[in-house]
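Structure at a glance
Each chain is listed here by its residues.
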Amino acid sequence: MRQYDSCASYVAPKRRYIGGAGMQKCRMRVETALGPIAASWERDGVTLARDMMTDVNGRPQANVLLINDSGAVFVESIDTNMEFKTGGYIASTLRPIVQCVGPENIVAFCTDSGSNYGAACKELMAEFPHIEKVPCATHVLDLLMEDIGKMAWARAVVEKADYIIAFVRKHQFTRNFMRNCKAIADRELVKAGEMDMVRWWNWHGTDHPALTALACRVLSQAVSAAACERNWAVWDSVHTTKSNRLGLEKCRDLVYVAHNWHVVHNWYKKEEGLGVVAGNIPEPPMPEGYNVLEEEAEEGEDDVLEDEYE
């Protein structure tokens, strides 16, 4: 009965609050929780990665992430509609982010191998000579495997692999068996990889501080922009064919909270497993209810549906 009374007294926040002040509070909580990860950018450096996609409305946009050994943090989504994707334009969208993060904290740019990205990186590297360009290893390997797949002997192998994949997907017992094998393998890989190279240098390189700092800075960087691709999955869950009237600003806030909270959670789990932190995983950011009088005051404004999609 107490639980029922407690639930009955709860006043759920209205959609205007959830999409406005509530969302901004969630974003601020995530920004605070990202503090330890952001601190690693100054210590270990960070790689700036950018990738393009087209949403369900056919609107092109670019995602920008900051990646190092601590995690891949979603920073910005840029609406590139009605823009020529030249090297100069791409450089102009990345320059403010470089300035905001601090040029001294960025070690490399990681993009695909397009000529416009190459021109953009060349322009920025002339302005910030210490930053290097790292071709996306995933994109390079994808192009390589695509060329190999055109060979006759490779096509036969791919066809057999497709048949095996289809068989596993259609049979529940086989699918569950493969999942269990993958879970076991993942646990073993985590155990084997607990002492990664960055931590090895931090723990065993104390006699050579300059070399340790350099090694950690290099080994912490990303060689692939695959994290940008994974970020699109978050966008797909927010901006679907049935729910696609949200504006870019609201989509950006939702993706920022969802993606970066996953990064924070993984970082704390990793640090807790290594004994660095203990029991300090923050609670997920949820919009709080607010005073009933405040809700009644805004009730008249709540009927303005257009604001929901701005």
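Scoring rules and cut-offs
Residues numbered from 1 in each chain as written. Predicted model: local features only at pLDDT ≥ 70, side-chain atom pairs only at ≥ 80, totals over all residues. Heavy atoms only, no water. Helix = DSSP H or I, 4+ residues; strand = E, 2+ residues; numbered from the N terminus. Buried < 20%, exposed > 50% of the residue type's maximum accessible area, 1.4 Å probe, protein only. Contact = heavy atoms within 4.5 Å. Areas by Shrake-Rupley, 256 points an atom, 1.4 Å probe, with all protein chains shown as cover. Arc of directions from axis to C-beta. Phe/Tyr/Trp six-rings, centres within 6.5 Å; stacked < 30°, edge-to-face > 60°. Lys NZ or Arg CZ within 6 Å of the ring centre and 35° of its normal. pLDDT = per-residue confidence, 0-100. Pairing = 2+ DSSP bridges. Axes fitted to C-alpha atoms, helices over the stretch in contact; angles between N-to-C directions. Core = buried A, V, L, I, M, F, W, Y, C linked by side-chain atoms within 4.5 Å. Parallel < 35°, antiparallel > 145°, perpendicular 65-115°, else oblique. Left-handed = near helix turned anticlockwise from the far one by under 90°. Nonpolar A, V, L, I, M, F, W, Y, C, P; charged D, E, K, R; others polar.

1. Quick notes on the overall build of the chain
Each helix and strand in the chain was counted, giving 14 helices and 5 strands. Taking all 310 residues of the chain together, the buried fraction comes to 36%. Put simply, of all contacts in the chain between residues at least 6 apart along the chain, 65% involve residues at least 24 apart. When the accessible surface of the chain is totalled, it reaches about 18,800 Å², and 60% of it is carbon and sulfur.

2. Brief notes about helix H11 (residues 209-219)
For H11, the complete set of buried residues consists of Thr-212, Ala-215 and Cys-216. The arc that holds the buried residues of H11, viewed along the axis, is 95°, so those residues lie on one side. Every exposed residue of H11 that faces more than 90 degrees away from the buried side is listed here: Ala-210, Leu-214 and Val-218. Residues of H11 that are buried make contact with helix H4 (35-44) and helix H10 (197-204).

3. Thoughts on the packing of aromatic side chains
Counted by the stated rule, this structure contains 4 aromatic pairs. On the numbers, 6.5 Å between centres and 75° between planes, the contact of Phe-74 with Trp-235 is edge-to-face. A residue pair is termed long-range when its members are at least 10 positions apart, and Phe-74 in strand S3 (residues 71-79) and Trp-235 in helix H12 (residues 226-238) qualify at 161 residues. The class for Phe-74 is buried, based on a relative accessible area of 0%. Note on Trp-235: relative accessible area 3%, which makes it buried. When the centroid spacing of 4.9 Å and the interplanar angle of 85° are considered together, the rings of Trp-267 and Tyr-268 count as edge-to-face. Note on Trp-267: relative accessible area 13%, which makes it buried. Assessed through its relative accessible area of 11%, Tyr-268 is described here as buried. In textbook terms, an aromatic cluster arises when at least three aromatic residues are bridged by ring pairs, as seen for Phe-74, Trp-235 and Tyr-256. Above the plane of the ring of Tyr-256 lies Arg-27, whose end atom (NZ or CZ) is 3.9 Å from the centre.

4. Overview of the confidence of the model for the chain
In the predicted model, the chain carries a mean pLDDT of 79, and 79% of its residues have values of at least 70. This stretch, residues 289-310, has a pLDDT under 50; its non-local contacts, to residues over four places away or in other chains, come to 29 contacts.

5. Structural notes on the sheet that holds strand S5 (residues 132-135)
Overall, mixed pairing links the 5 strands, which are arranged S3-S2-S1-S4-S5 in an open sheet. Unpaired on one side and paired on the other, S3 and S5 mark the two borders of the sheet. Each strand of the sheet is rotated relative to its neighbour by a mean of 25°, with strand direction disregarded. Bridge count between strand S1 (residues 46-54) and strand S2 (residues 60-68): 8 bridges; the pairing is antiparallel. Paired with Ala-49 across the bridge in S2 is Leu-65.

6. Re the environment of Arg-199
Along the chain, the position of Arg-199 falls in helix H10. Measuring from C-alpha to C-alpha, the distance between Arg-199 and Cys-216 comes to 8.2 Å, with 17 residues separating the pair along the chain.

7. Some thoughts on the nonpolar core
Formed by 56 residues in total, the largest nonpolar core has its most connected members in Ile-37, Leu-48 and Trp-235. Sort the elements by how many residues they give to this core and helix H13 (residues 248-273) lands first, with 10 residues. Among all residues touching Trp-235, those that are not within four sequence positions of it are Met-53, Gln-61, Asn-63, Phe-74, Ser-77, Leu-248, Cys-251, Arg-252 and Val-255.

8. Structural notes on the packing of H10 against H11
Where H10 meets H11, the axes come as close as 9 Å, and the angle between the chain directions of the two elements is 170°. On the basis of their axis angle, the class for H10 and H11 is roughly antiparallel. Crossing of H10 over H11 shows left-handed handedness. For the pair H10 and H11, contact is made by Met-197, Val-198, Trp-201 and Asn-202 and by Leu-211, Thr-212, Ala-215, Cys-216 and Leu-219, respectively. Looking at side-chain class alone, the contact of H10 with H11 contains 7 nonpolar, 2 polar and no charged residues.

9. Some words on the packing of helix H5 (residues 87-101) against helix H6 (residues 115-127)
Between H5 and H6, the least distance of the axes is 8 Å, while the angle of their chain directions is 45°. In this view, H5 runs oblique relative to H6, as classed from their interaxial angle. Here H5 runs over H6; the crossing is right-handed. Within the contact between the two elements, H5 uses Gly-87, Gly-88, Ile-90, Ala-91, Leu-94, Arg-95 and Gln-99 and H6 uses Asn-116, Tyr-117, Ala-119, Ala-120, Glu-123, Leu-124 and Glu-127. Each residue belonging to the contact of H5 with H6 can be placed in one class, and the counts come to 7 nonpolar, 4 polar and 3 charged.

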